[in-house]
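Remarks on the overall topology
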Amino acid sequence: MNHLLCGLAANDNLPSSLLDRLIAVADAEVADHLADRADLSRAQAVALAARVEESGVPLAYRGRLTAADVDPVARPDVALALLDTGAAPAAWARLLAADPVVEHREKLAACPGLPPDVVETLAADPEIRVVAEAALWAPAQVAARLAAHPHAEVRRMAAANEATPPSVLEALVTGDGLPAARHCLVCDRRTPPFAHDPYGLRPDRDLPPWASCDGAHASTTHDLLYAALRNPTTPAGALVGFVDHPSHLLRRVLAARRDLPPSVYELLASDPDPGVRAGLAENPAIGDALIRALADDDCHDVRRGPAHHPGVPLDVLTRLARGTRIGATLLPRIAAASLAEVEALAGSSDPAARMLVAQRRDLPAEIRDALATDPDAKVVKSVAPHPGLEESQLRAMAGWHGARVIAGIAANPDATPALLAELARHEPPVRKALRLIAGHHNATAPALLACLDDEARPVAAGHPALPQSVVTDLVAGADLRSAEAAAANPSLPHTVMTELLPPPPVRSESPGGDAEPAAPRPPRGRDRRTR
């Protein structure tokens, strides 16, 4: 991979003429960056797809290629991408339904809006992989029919399809009214009984580690139940019996459902598996009594769950914030708090309550300003990124609490260039703050130059406020990440961009034809960082 050309490919200020030259020498990595460019013309997209085959699919997904630009016979992968986005004619679907490559038909089965005749063709495909994919995306009538397919893998995919009728999903869970499946992917490959040793070698790498079949297709049946429990259209009445199922994976999925009777949630709250209880703790369907019970659970991961519950009582949430590692995040209950609740939290004598509400970024000015002068550094750190704080307030925060709040101040969108420069020179350096300063839209040369001596260097190298001479030197430096970021810097001079590109091909006078293009040359200069 040529890191400099990858950087150029992402440079928003690359002239169109140089973009054409870059396309002409692009490899797969460079093409991946080029496909993201907003200024890529249709002609350039077509040229890029012709130059690097791998770029055709992402260009199609990003709307850079149209059906008029693609031959579905020569480039079925690109044609499938266009079908997947609804930008290709139905005739292509009929053509690809007969494609000899199984992977192409499998991909086609996942495309939305297929003509009914194509869906029927795929549902009758000789390859089970294709039929299973069709069962996952088919409309209700076809999905209902495929739910009775003799192959268990097809049934599993029908169980995951939200278009499958609820009565059919219930039959898949209970087995009532459906003939027994005769095949699965395991017994297709291995003679039952067969099971992978979960702690040893896997003799069949095409099967998952948990694959097993004793004639009843055990692992596929388990996966079918897992899919049905995750499917929101599966009737809750068919699932309540799984509350004591031996598989903790199935019980975990059950605990996340929002349509179960309260008695089922009560049973799950005492499940021996912490993962079941943790998932239940975040479920919006449980009420205050269970939230309070789970907030007192012996397991830390379970106690953390109620903190993310949208209906957790504020007194419980405050208590959890004191003794549970929740992280610096705006919790759903705090985001939905009323003005009266916000005022109560901000005026609480408990710093944990004040820290929670300080994470909001829409606080009234008087509450925001009061929290900015809080004696607790954790509260100040939480409110420091709040927009609207004045420079004097941010400076006061840094003066009172020092390194503990500097990263929060550096994240403030209103931090001034002068303040950012001072924070960048803080001793000892605050590495998280330097990374934030290096990417801050208000950062100017003094702050950015201070960031070049730190791990934040690659971020600063791409900042448009970095002096051109420094950007040029970074392009020529030994640090590849910083050089690539500098090559992507829109302030990089066009003359340097030109130097980084191989010269246009020159036709050789010898019978050999065109001369080989020269390798990219870094610009001259030394790696200097002047302050």
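Okay, so let's go over this structure. (Residues numbered from 1 in each chain as written. Predicted model: local features only at pLDDT ≥ 70, side-chain atom pairs only at ≥ 80, totals over all residues. Heavy atoms only, no water.)

**Describing the environment of R368**
On the secondary structure map, R368 appears in helix α25 (residues 365-372). A residue is classified by how much of its surface remains accessible, and R368, at 11% relative accessible area, is buried. Once the C-alpha coordinates of R368 and A24 are considered, the two residues, 344 residues apart in sequence, prove to be 54 Å apart. When sequence neighbours within four positions are dropped, the list of residues in contact with R368 reads L363, V383, H386, P387, G388 and L389. (Helix = DSSP H or I, 4+ residues; strand = E, 2+ residues; numbered from the N terminus. Buried < 20%, exposed > 50% of the residue type's maximum accessible area, 1.4 Å probe, protein only. Contact = heavy atoms within 4.5 Å.)

**Description of the layout of surface pockets**
Taken as a whole, the largest pocket encloses approximately 630 Å³ of empty space. Around the largest pocket sit 27 residues that line it, and G327, A328, M355, Q359 and S382 are the ones nearest its centre. Mapped by element, the contributors of at least two residues to the lining of the largest pocket are α21 (314-323), α24 (351-357), α26 (377-383), α28 (403-410) and α30 (431-438). Among the residues making up the lining of the largest pocket, the classes are represented as 13 nonpolar, six polar and eight charged. (1 Å grid on protein atoms, 1.4 Å probe; cavity = no way out; pocket = protein on both sides within 12 Å on 5 of 7 lines; lining within 4 Å. Points joined across faces, edges and corners; volume = space filled by probe spheres on them. Nonpolar A, V, L, I, M, F, W, Y, C, P; charged D, E, K, R; others polar.)

**A few points about the packing of helix α6 (residues 76-84) against helix α8 (residues 102-109)**
Running from N to C, α6 and α8 point in directions that differ by 10 degrees, and their axes come no closer than 10 Å. Judged by the angle between their axes, α6 and α8 are roughly parallel. For the pair α6 and α8, contact is made by P76, L80, L83 and D84 and by H104, K107 and L108, respectively. Taken together, the residues of the contact of α6 with α8 sort by class into four nonpolar, one polar and two charged. (Axes fitted to C-alpha atoms, helices over the stretch in contact; angles between N-to-C directions. Parallel < 35°, antiparallel > 145°, perpendicular 65-115°, else oblique.)

**Things to note about unusual backbone geometry**
Cis peptide bonds are those with omega within 30 degrees of zero, and the linkage from E427 to P428 qualifies with -5 degrees. Residue position: P428 is located in the loop between α29 (417-424) and α30.

**Structural notes on the nonpolar core**
Ranked by size, the top nonpolar core spans 164 residues in total, and within it L108 and M397 carry the most contacts. When sequence neighbours within four positions are dropped, the list of residues in contact with M397 reads A372, V380, V383, A384, L389, G402, V405 and I409. With seven residues, the next largest nonpolar core counts A152, V186, C187 and A211 among its residues. (Core = buried A, V, L, I, M, F, W, Y, C linked by side-chain atoms within 4.5 Å.)

**Side note on the side chain of N489**
Its location among the elements puts N489 in the loop between α34 (480-487) and α35 (494-500). For N489, a relative accessible area of 0% gives the class buried. Among the polar contacts made by the side chain of N489, one reaches the main-chain carbonyl oxygen of A461 at a distance of 2.9 Å. (Polar contact = N/O pair within 3.5 Å; in protein donor to acceptor, adjacent residues only side chain to side chain.)

**Concerning a negative patch on the surface**
On the surface, E29, D32, E53 and E54 cluster together to form a negatively charged patch. Along the chain, the position of D32 falls in helix α3 (residues 28-34). Take D32: its relative accessible area is 44%, and that puts it in the partly exposed class. (Patch = residues over 30% accessible without salt bridge, like charges linked within 9 Å, V, L, I, M, F, W, Y side chains within 5 Å. Areas by Shrake-Rupley, 256 points an atom, 1.4 Å probe, with all protein chains shown as cover. Salt bridge = Lys/Arg side-chain N within 4 Å of Asp/Glu carboxyl O. Lys, Arg positive; Asp, Glu negative; His and termini not counted. Charge placed at Lys NZ, Arg CZ, Asp CG, Glu CD.)

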